[in-house]
Amino acid sequence: MAKAISHFAVLVLTFMLVQIDYSEQLQSSQAQTLVRIQRLLNYPTVLSSWNSSTDFCNTEPTSFLTVVCYEESITQLHIIGNKRAHMLPLNFSMDSFITTLVSLPDLKVLKLVSLGLWGPLPGKLSRLSSLEIVNMSSNFIYGAIPQELSSLTSLQTLILDENMLSGRLPDWLGSLPVLAALSLRKNLFNGTVPKSFSDLNNLRVLALSHNHFYGEVPDLSGLTYLQELDLEDNALGPQFPKLGNKLVKLVLSKNRFRSGIPAELSSYYQLQRLDLSVNKFVGPFPPSLLSLPSITYLNISENKLTGMLFDNLSCNDGLELVDLSSNLLSGHLPNCLLSGSKNRVVLYSMNCLTASNENQHPSSFCQNEALAVGILPQRKKSKQASKAVLVSAIFGGIVGGILLAGLVFLLARRINARKTIKRPQTRLIAENASTGYTSKLLSDARYISQTMKLGALGLPAYRTFSLEEVEEATNNFNTSAFMGEGSQGQMYRGRLKDGSFVAIRCLKMKKSHSTRNFMHHIELISKLRHRHLVSALGHCFECYLDDSSVSRIFLIFEYVPNGTLRSRISEGRARRSLTWTQRIAAAIGVAKGIQFLHTGIVPGVYSNNLKITDILLDQNLVAKISSYNLPLLTENTGKQVGHGTASGSIDPTTNARAQHVDKVDVYDFGLILLEIIVGRPLNSRKEVDTLKDQLQAGIAADIAARLSMVDPAVNKSCLDQSLKTMMEICVRCLHKNPAERPSVEDVLWNLQFATQVQDAWHSQSQSSDGSPISPSQPPRLHHGHRSQK
């Protein structure tokens, strides 16, 4: 008996030792997986505390790094890197990385944010069948969402914001049974939003902003749990989407909605944030939106909404921002908007309100504009009276035509009489550029960024300068301050009281010139503020003494001190010439400037006839576009100064400007890129075609052939893969068929790849065994025409 008990004890002890050993092996295996992940991620700072002896399951969690275990198995992994993380080195493989992650089979939560991950998302991620939350935002992941992820039936949250994912959203996303949050902001997705999204009964958050979706939004009224819908900056519309009334946040701004606001929106009692700005919504504005019990943010600006507001309307005390500007509202601004919190922001300019301290239109403007967009006063229809109405309309049309002809005749006589007498005319000029434009400009060129309105980029806010400030800055326009003269007026260099240097453009006016044109231009340049544009800081008017009309306009710009891009490439001495890395950075800056001109305001600024001599470099060698296609005082100067019609462009396509207006600038960018590569000025179209053919042949040739085409000042320092990518971009941009040229977004993607390749080569010129790194191939350029928003 004792012997039996002894044998049983030995068996129990053996079993326990096996279990302990198995547990340790399991823990050791997963620890090795995490150490391997650290190496694959190129030892990011956030993982600096990890090593082979780390007790991962008992580490203190932080907001950047968390490992959670359950029964000695890792169930959660959160790694959040630097927001500005660069792409991982060329030897990084997304496929190998995901293969390593699959070694954590019980993973339920996976957050890999801002780590420089790049490559297509492998379908083998679906092998982590227990996944409930996936967040891989702010990386460089491209391609489509793989079909294999449809098997993740436990997936509740999928966040892939700020990547380069593209293509259409797959219908199977709507079949994920427990999906509660889907966020795909700031990618390159296109097509329509899948109708299958109507079946996501557990969905609480749907965020698809800053993509290229178009068409109708599917019926989401059956999603009773949906609380947040963010569709900003797409091309969706025209009908207001069908939604449930449990929404807390609804953002439809910067789309193509042009219907009326549905009455049921006034029953969204949980709604806190509503943004319908920068669309073409028509019809009456429901004042009841101001008093929704939860509303704190309401923005309906830059639409064509009508209606009468009254002093005694009620508002929610919790409102923090209300923007009613640039609509067709009339009546009185409600007292409740002005009597609330001191921190409340209320904007209401460019309506027809009886407000003395904001720029408003006359009441007739809103009535006429409302009729123009098809908003007619409500009238009872009577079938019996239809014939009488028709007869009355015909008779009224005849009488109206006679009266109109008489009115035109009398008006013509009065104008001729005034010309004969030559009476002096008084002109009123709105000094504040933000309110000096006409309603038509506002409706036809709606500015789409509130940030731009408030000033950005570290620049001071746009303002009006006094004539004394301008004279003092230039020492009374001393000849030493004179920089040159061209079709856009005289240019002076000045220094303000705070010590900062500025460039001042002087434009002479005549008394016959219209104020409308130059106020239009000033309003445009005041909004074009970007890191890669030479931005305007303000303006100043000098007036005639006799009638106060404008005699000169001074436009004050930031001063860019380091000369043109050409002066640091084609004309620079070897010691001043830009390095290869600096040249790619300059090209990226120019491409970002072009992207802003195309999409930063509506309508965009196209056909800018960009030349390398128009690209200036600041003290940090940041590239800035100094000249762009604006209708600069065409009527006033008697000549067109905008670059859209200048003869400098050598784009070989005669009809390119009409059919592919965005691709004209891409061609001009190709010319700049060609000079950056070869390092010498281009003198003729024939030379451009010859060099383009040489680059085309060089792409398929060997390294030596490619390097022989590059500027000798940099050919020894550029990595072949980086050079090859630049050459391919250049050739594509110079394609004679505009439709075959890449979009600006595609150009930017590949330029950024070229610089990442170059940076990685500098930091890791050889692999650990001493052999040269073999760079992976970059994604191919896309040539599809990008639809304009």
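Look up a bit, the structure's there.
Scope of this entry: the structure provided in the associated data block. Computed from a predicted structure; not experimentally measured. Counting from 1, residues in each chain are numbered in the order their sequence is written. Local features are withheld for residues below a pLDDT of 70 in this predicted model, meaning they are given only at 70 or higher, and side-chain atom pairs are given and counted only at 80 or more; totals for whole chains, interfaces and linings count all residues. Side-chain measures here rest on the full set of heavy atoms in the structure, leaving out hydrogens and waters.

**Observations regarding the sheet that holds strand 12 (residues 212-215)**
Part 1 of the reasoning: For two strands to be treated as a pair, DSSP must find no fewer than two bridges joining them. Strands are runs of DSSP state E lasting at least two residues, helices are runs of H or I lasting at least four, and both sets are numbered from the N terminus onward. Read across the sheet, six strands follow the order 4-6-8-10-12-14 without closing on themselves; strand pairing throughout is parallel. Each having just a single partner strand, strand 4 (118-120) and strand 14 (235-236) make up the two edges of the open sheet.
Part 2 of the reasoning: Bridge count for strand 8 (residues 164-168) against strand 10 (residues 188-191) is three bridges, and the pairing is parallel. Counted as the bridge partner of S166 is L188 from strand 10.

**Some words on the pairing of strand 27 (residues 501-508)**
Part 1 of the reasoning: Throughout, exposure labels follow a simple rule: accessible area from a 1.4 Å probe, protein chains only, divided by the maximum for the residue type, with under 20% read as buried, over 50% as exposed, and the rest as partly exposed. Along strand 27, six of the eight residues are buried, which leaves the element largely enclosed by surrounding structure.
Part 2 of the reasoning: As paired elements, strand 26 (residues 489-495) and strand 27 share six bridges and run antiparallel to each other. Note that in strand 27 the partner of Q490 across the bridge is C506.
Part 3 of the reasoning: As consecutive antiparallel partners, strand 26 and strand 27 are separated by five residues, and within that stretch G499 has a phi angle of approximately 95°, a positive value.

**What about the side chain of D161?**
Part 1 of the reasoning: Following the sequence through the fold, D161 ends up in the loop between strand 7 (157-159) and strand 8.
Part 2 of the reasoning: Residue D161 is classed as buried on the basis of its relative accessible area of 11%.
Part 3 of the reasoning: In this structure D161 touches S137, S138, S183, L184, R185 and N187, once residues within four positions along its chain are discounted. Any two residues whose heavy atoms approach within 4.5 Å at even a single point are treated as in contact.

**Focus: the pattern of salt bridges**
Part 1 of the reasoning: The working definition used for a salt bridge is a side-chain nitrogen of Lys or Arg within 4 Å of a carboxyl oxygen of Asp or Glu. Applying the stated criterion across every chain, the model contains 17 salt bridges.
Part 2 of the reasoning: Where K83 meets E162, a salt bridge forms, and the shortest distance between an N and an O atom there is 3.2 Å. Taken together, the positions of K83 in the loop between strand 2 (73-80) and helix 2 (94-101) and E162 in the loop between strand 7 and strand 8 put the pair 79 residues apart, joining distant regions of the chain.
Part 3 of the reasoning: The closest approach of N and O atoms between E228 and R185, which form a salt bridge, is 2.9 Å. On the criterion of sequence distance, the pair formed by E228 in strand 13 (residues 228-230) and R185 in the loop between strand 9 (181-183) and strand 10 is long-range, its members being 43 residues apart.
Part 4 of the reasoning: Among the residues examined, R185 registers a relative accessible area of 22% and is labelled partly exposed.
Part 5 of the reasoning: Within this structure, D161, R185, E228, D230 and K249 form a network of salt bridges that share partners.

**With respect to the state of the cysteines**
Part 1 of the reasoning: Working definition: a disulfide is two cysteine sulfur atoms within 2.5 Å of each other. As enumerated under the stated definition, the model contains three disulfides in all.
Part 2 of the reasoning: A sulfur-sulfur distance of 2.0 Å marks the disulfide that ties C57 to C69. Disulfide C57 to C69: torsion about the S-S bond roughly -80°, handedness left-handed. Taken together, the residues span a long stretch of sequence, with C57 in the loop between helix 1 (2-40) and strand 1 (65-70) and C69 in strand 1 at a distance of 12 residues.
Part 3 of the reasoning: Between the sulfur of C315 and that of C336 lies a disulfide, 1.8 Å long from S to S. Of this pair, C315 sits in the loop between strand 19 (304-309) and strand 20 (321-323) while C336 sits in helix 3 (residues 335-338); the two residues are 21 residues apart in sequence, bridging distant segments of the chain.
Part 4 of the reasoning: With relative accessibility at 14%, the residue C315 sits in the buried group.

**A short note on the packing of aromatic side chains**
Part 1 of the reasoning: Stacked, edge-to-face and tilted labels apply to pairs of Phe, Tyr and Trp rings (six-membered ring for Trp) whose centres lie within 6.5 Å, assigned for plane angles under 30 degrees, over 60, and everything in between, in that order. Within the structure shown, the criterion is met by 12 aromatic pairs.
Part 2 of the reasoning: Plain terms: the ring middles of F477 and Y492 are 5.1 Å apart, the flat faces sit at 70° to each other, and that makes the pair edge-to-face. In this pair, F477 is assigned in the loop between helix 8 (467-473) and strand 25 (482-486) and Y492 in strand 26, connecting sequence segments 15 residues apart.
Part 3 of the reasoning: What makes Y492 buried here is its relative accessible area of 10%.
Part 4 of the reasoning: Summarising the aromatic geometry, the rings of W749 and F753 are spaced 6.2 Å apart at their centres and angled 15° between planes, so their arrangement reads as stacked. One end of the pair is W749 and the other is F753, both in helix 17 (residues 744-763) and four residues apart, which spans about a single turn.
Part 5 of the reasoning: Given the relative accessible area of 1%, F753 is considered buried.
Part 6 of the reasoning: Positioned above the aromatic ring of F477 is the side chain of R552, whose terminal nitrogen or guanidinium carbon lies 5.2 Å from the ring centre. The criterion is that NZ of a Lys, or CZ of an Arg, lies within 6 Å of the ring centre and within 35 degrees of the ring normal, and then a charge sits over that ring.

**Quick look at the side chain of H532**
Part 1 of the reasoning: In this structure, H532 sits in the loop between helix 9 (515-527) and strand 28 (536-543).
Part 2 of the reasoning: Engagement of the side chain of H532 in a polar contact is seen with the backbone oxygen of A623, the distance being 2.8 Å.
Part 3 of the reasoning: Apart from the residues within four sequence positions on either side, H532 is in contact with G589, K592, G593, V622, A623, K624 and I625. Two N or O atoms count as a polar contact when they lie within 3.5 Å, although within protein this holds only if one can serve as hydrogen donor and the other as acceptor, and sequence-adjacent residues are included solely when both atoms are side-chain atoms.

**So, the sheet that holds strand 28**
Part 1 of the reasoning: Overall, mixed pairing links the six strands, which are arranged 24-28-29-27-26-25 in an open sheet. At either end of the open sheet lies a strand with only one pairing partner, and these are strand 24 (463-464) and strand 25.
Part 2 of the reasoning: Strand direction decides the pairing type here: strand 25 and strand 26, joined by four bridges, are antiparallel. Bridging from a neighbouring strand, G484 pairs with M491 of strand 26.

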